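So you can see what is in the structure, the chains are spelled out below.
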Amino acid sequence: MYWQIILTMFVLLDIFAFIFADFLQTAVARCMVHQIPPRNFTLPCMLLNETFLRPFSGEVVDSWSGLRREHGASETKPPLLMNEESFLCCLWNDNNIDCSLYRASMRARKFISSEISISASQEIDSNWNIECWIKGKLDLLVCSLQFLKLYLGADLKVNLLYAVSELSLGDVSTSSLKGTVTVAQCDCSEYDKCECWLPSPRLNYTYIMWMKMMIGVTPLWSPLMSVKPIDIVKPEPPLNLHLEMTGKGQLKICWSNPVLMPYPLQYEVKISASSGQNGWQMVQVALETSLAIDNTLLDSSHLVQVRCRNHHGPGFWSDWSMPYNLGAEVLYFPPKILTSVGSNVSFHCIYKNKTKIVVSKKIVWWLNLAEEIPESQYTLVNDRVSKVTLFNLKATKPRGSFFYNALYCCHQNRECHHRYAELYVVDVNINITCETDGYLTKMTCRWSANPNTLLLGSSLQLRYYRSRIYCSDFPSTSPKSEVKECHLQKDHSYECMFQPIFLLSGYTMWIEFKHLLGTLESSPTCVVPADVVKPLPPSSVKAEITRDVGLLNVSWTNPVFTNNDLKFQIRYAVNRKEITWELYEVSNAPRSAVIKVQKLCVEYVVQVRCRELDGSGYWSNWSRSAYSLVKDIKAPLQGPDFWRIIIEDPARRLKNVTLLWKPLMKNRSLCSVSRYVIKHQTSGNTTWSEYVDNGTTCSFPWTEDTHTITVLAMNSIGVSSINFNLTLSQQMSTVSVVESLSAYPVNSTCVILIWTLSPHIYVITSFIIEWKNLNKEEEMQWVRVPPNISKYYIYDHFILIEKYQFSLYPVFAGGVGKSRATDQFTKGGYENENNASLYVVLPVIISTSVLLLGALLVSHQRMKKLFWEDVPNPKNCSWAQGVNFQKQKELVTIPTVPNCRA
């Protein structure tokens, strides 16, 4: 049967070829092309046969051997393989079709568009049912082929060949197919159809296509077809169907397009008539993604679906969207709101109690089911719709995995549905700071956001645009802005760099918060790079203490790329392990400053920074540290205090004097002592000097009756001008004016020395106290005390069980008097010396004791009250009568009876 149908088709095609010979002679310079419509269509297939196919106008074309295959034949002659540039050039009318095998390399023939008629096919079994469309994402052209059962049992192979041209079909000829033919991928794995795919179609180009099919060894080709992909787009169905409400309470069904289409769309909306009927009401909407609906549709369950297609040109209708149910019990408008801190928002609500709409005046609003919103914030839009407005919103605090506040619309009897509206409040008050580097080549901007307040799936980015010069008085955002790449830092801040920069241009920038619920923007700020310069730090910083004056002199060199209108901050400190800075500020300084400091003989560390005098920009970084050198500023202010030790040699009648002095402190030496000068003057008016470079002692023999010594300190500037003098006099050494001397131990670190004087006529200039431990070979300690005191506290490390010697020397202008010494601590008597002090101290001690006792009594009463607060009153509780509450064992068994108090 299969071969009979093929032979019959051969005969019919040969007959029609001769009948339309005259027609072909007049139209031989053209090839008809079937225009693919935005629907399915039927296309005939041509069996390649050397009898059927004949060349046009005697041109040489590839021939094809006819397949005269009987049923069950075991040997066949393989066909001649055709070049991919070969195709069928066909001419047809309503009743006839004639085709010839053609090649693109032959003489060019014009393409003419003509829709082929199914009646032109000579064999009904050779027709293909074809549908081609562009998928909604516009990235794939699909052609679906359905064919008759006649060929299902055979080995089937289908190819779709195509060429692409920028020109329209009327401007394209057969020569345009030369070398540009591509074979599309086809899949015939399904039961009764094949699918072919052309990836990444160019929507506004012209596609010339034809089919080649092999059924076993039998070739079938289609006539040429053409299409502009944009004419056969099948959009994706609309998405996100939802209800919205206008400010006046009008409901509307809204949706969104799945992808951005290259042309406007028209829509069809179908709404179920009622739950008990199957009919649909069709409504056409043009160029809009919403449709106002009657509020009464909410009284019962209704379903809504939407589809779309090209509004102005040809194209397929999309599939219907997923149905949306209008019958929910509680409806919020909008169901979710994303807003910023400080803003005001409003929610609308329609509440149904099962199937009955609750009137709006009986609706109340709750926040998180914990806080009822005051009625003053309600608005009755109409008898069905209630509105609540929330003012001056604060940022939403995350609660576990919830980053929103739940807003409930409830019945006034406090019956609430489990559905709620979601309110997301984000703090987008983000401060952006920028600074221009000291070389004026780049501007770095920084900003930060609290990561704990960001919503899941949100993103932050900096947007900006540049004005030609300066900033406007009121910065605003602009749709022509750009996104600036910013990098996250370790401290959760972001850093963005502008390079190169225009110093006088205004850069307006803000932070954009993007989320699926919407986009928020921070307040825009405008920055001029010249106004935010952070200069380079001053260089060549030097520090020194000036000679004679004793001031800290700091000098530096101004940084490059700055003018002279700068102000400076100098921080300085004594250079030690823990530095405590002091700050000194100076404006319009001629690259130096002088600072008065307390300590002159220490090393100072100094740093300097600068900024614009008018206050714009930033302080520079601190300069590198400079250190002052410790050197002599002045001659020593005073010579050292000194004393003497006299060692007598009675056998030789000699006295040897050793001078002892204490090293000068730096604040006295200013700042060092290079040597000490000891000046001698005797009663014979003989004078001489000695020098001690290293050390604090000097010895000499005492041979004259009177010997005066002066010790001077010397540094690189000079010698001290104020000095101590000591006169050694044989005569004055016998003068005794100290009547008594007593030593009273206070503790191991302090001893009180008390003395009395006898009447005398001499002027005492000072006293010298000496002390030493007689049990150990220790150096003698000494101290000079004023002449107008009779008691002195000696601070040292004393071992009270050991023996000490204390000596007191009166010093006169003419020499040192006779000393009084004691080698034991006095017991008793010191109390009498301090009776007068006790009379003052005792009242203070007694008053303090009374106050402490009173405080203890008050605290005791409070503790007693707190402890017995829960003890039952026996008058009010029968079980408490006869119980001794002061006994611990009985207290343990007391039951808890709250009603027995008082």
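Our subject is the structure that appears above.
Residues numbered from 1 in each chain as written. Predicted model: local features only at pLDDT ≥ 70, side-chain atom pairs only at ≥ 80, totals over all residues. Heavy atoms only, no water.

Caption draft 1: Seen up close, unusual backbone geometry. Backbone torsion omega between F333 and P334 reads -10°, so that peptide bond is classified as cis. Position of P334 relative to the elements: it lies in the loop between β22 (330–333) and β23 (336–340). Cis rather than trans, the peptide bond between L670 and C671 has omega equal to 15°. In this fold, C671 is placed in the loop between α3 (666–669) and β50 (675–682). Unusually for a residue other than glycine, H492 sits at a positive phi of about 70°. Along the chain, H492 turns up in the loop between β36 (486–488) and β37 (493–498). (Helix = DSSP H or I, 4+ residues; strand = E, 2+ residues; numbered from the N terminus.)

Caption draft 2: Main features of the pattern of salt bridges. Here the structure, examined in full by the defined rule, presents twelve salt bridges. As a salt-bridge pair, E512 and R463 come within 3.8 Å of each other at their nearest N and O atoms. You can see E512 sitting in strand β38 (residues 506–515) and its partner R463 sitting in strand β34 (residues 459–467), a full 49 residues away along the chain. When its relative accessible area of 9% is taken as the criterion, E512 is described as buried. A salt bridge links R652 to D649; its shortest N-O distance comes to 3.9 Å. On the basis of relative accessibility, which here comes to 61%, the residue R652 falls in the exposed class. Assessed through its relative accessible area of 27%, D649 is described here as partly exposed. The network of salt bridges with common partners includes E435, R446 and E495. (Salt bridge = Lys/Arg side-chain N within 4 Å of Asp/Glu carboxyl O. Buried < 20%, exposed > 50% of the residue type's maximum accessible area, 1.4 Å probe, protein only.)

Caption draft 3: Structural view of the side chain of S628. Among the structural elements, S628 can be located in the loop between β47 (626–627) and β48 (642–649). Exposure remark for S628: the relative accessible area of 1% places this residue in the buried category. A distance of 2.8 Å separates a polar atom in the side chain of S628 from the backbone nitrogen of Y604. Apart from the residues lying within four places of it in its own chain, the contact partners of S628 are A543, E544, V602, E603 and Y604. (Polar contact = N/O pair within 3.5 Å; in protein donor to acceptor, adjacent residues only side chain to side chain. Contact = heavy atoms within 4.5 Å.)

Caption draft 4: Spatial organisation of a nonpolar patch on the surface. A cluster of nonpolar side chains, Y439, V560 and F561, forms an exposed patch at the surface whose accessible area comes to about 330 Å². Residue Y439 is classed as partly exposed on the basis of its relative accessible area, which comes to 49%. (Patch = residues over 30% accessible without salt bridge, like charges linked within 9 Å, V, L, I, M, F, W, Y side chains within 5 Å. Areas by Shrake-Rupley, 256 points an atom, 1.4 Å probe, with all protein chains shown as cover.)

Caption draft 5: Seen up close, the state of the cysteines. The final tally for this structure, using the stated rule, is eleven disulfides. Each sulfur of the disulfide joining C90 and C99 lies 1.9 Å from the other. Taking the torsion about the sulfur-sulfur bond, which here is approximately 110°, the covalent link between C90 and C99 counts as right-handed. Pair check on accessibility: C90 and C99 agree, each one buried. Each disulfide pairs two cysteine sulfurs, and for C186 the partner residue is C196, the sulfurs being separated by 2.0 Å. Disulfide C186 to C196: torsion about the S-S bond roughly 110°, handedness right-handed. Linking C186 in strand β10 (residues 182–187) with C196 in strand β11 (residues 193–199), this pair joins segments that are ten residues apart in sequence. (Disulfide = S-S within 2.5 Å.)

Caption draft 6: Quick peek at the environment of Q185. Inspection of the secondary structure assignment puts Q185 in strand β10. Along the backbone, Q185 and L160 are 25 residues apart, and their C-alpha atoms lie at a distance of 7.3 Å.

Caption draft 7: Just the packing of aromatic side chains, in detail. Counted under the stated rule, the structure contains 25 aromatic pairs. Pairing Y439 with F561 gives two aromatic rings, centres 6.1 Å apart and planes at 70°, and the pair type is edge-to-face. Placement of the pair is Y439 in the loop between β32 (433–436) and β33 (443–448) and F561 in the loop between β42 (552–557) and β43 (566–574), with a sequence separation of 122 residues. Take F561: its relative accessible area is 52%, and that puts it in the exposed class. Here the aromatic cluster, defined as three or more aromatic residues joined through ring pairs, consists of F402, Y404, Y408, Y420 and Y424. In this structure, K484 is placed above the aromatic ring of F498, and the distance from its NZ or CZ to the ring centre is 4.9 Å. The cationic tip of R644 hangs over the ring face of W643; the distance from NZ or CZ to the ring centre is 4.3 Å. (Phe/Tyr/Trp six-rings, centres within 6.5 Å; stacked < 30°, edge-to-face > 60°. Lys NZ or Arg CZ within 6 Å of the ring centre and 35° of its normal.)

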